[in-house]
Amino acid sequence: MSDPALPARPAATAIRYLSIIVGCACLLLAAVCFIIAGQVFIETGLFAQSNAIVGLISAVLGLLALTLARVWK
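Residues numbered from 1 in each chain as written. Predicted model: local features only at pLDDT ≥ 70, side-chain atom pairs only at ≥ 80, totals over all residues. Heavy atoms only, no water.

**Some remarks on the overall build of the chain**
Piece 1. Per the secondary structure count, the chain includes two helices and zero strands.
Piece 2. Within the chain, the proportion of its 73 residues that are buried is 21%.
Piece 3. Long-range contacts, defined here as pairs at least 24 residues apart, represent 68% of the contacts in the chain between residues at least 6 apart.
Piece 4. For the chain, the exposed area adds up to about 5600 Å²; of that, 76% sits on carbon and sulfur atoms. (Helix = DSSP H or I, 4+ residues; strand = E, 2+ residues; numbered from the N terminus. Buried < 20%, exposed > 50% of the residue type's maximum accessible area, 1.4 Å probe, protein only. Contact = heavy atoms within 4.5 Å. Areas by Shrake-Rupley, 256 points an atom, 1.4 Å probe, with all protein chains shown as cover.)

Following this line, the structure appears as structure tokens:
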């Protein structure tokens, strides 16, 4: 009943682009957290567990958001 030539619904398009933005932001935050954790380890020899955990959680959320953007119709 829907014509494939018609553009996607505006809400679906907005959700898709928003999830791309959120996914990229989460991956950027993960990279920053891992860089800070590495820098702390280099300078002090101590493992910055909190930064590594935040980076890991952020990376997982970023990948989930990008997966959502890929499969959202």
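**Points about the side chain of S19**
Piece 1. Structurally, the position occupied by S19 is in helix α1 (residues 10-44).
Piece 2. The exposure class assigned to S19 is buried, which follows from its relative accessible area of 7%.
Piece 3. Among the polar contacts made by the side chain of S19, one reaches the main-chain carbonyl oxygen of R16 at a distance of 2.8 Å. (Polar contact = N/O pair within 3.5 Å; in protein donor to acceptor, adjacent residues only side chain to side chain.)

**Description of helix α2 (residues 49-71)**
Piece 1. Relative to the 33 Å expected for 23 residues at 1.5 Å per residue, α2 spans 33 Å between its end C-alpha atoms, a close match to the ideal helical length.
Piece 2. Burial in α2 covers these residues: A52, G55, S58, A59, G62, A65 and A69.
Piece 3. Packing partners of the buried residues in α2 comprise α1. (Expected span 1.5 Å × (residues − 1).)

**A closer look at the environment of T44**
Piece 1. Positionally, T44 belongs in helix α1.
Piece 2. A distance of 2.7 Å separates a polar atom in the side chain of T44 from the backbone oxygen of V40.

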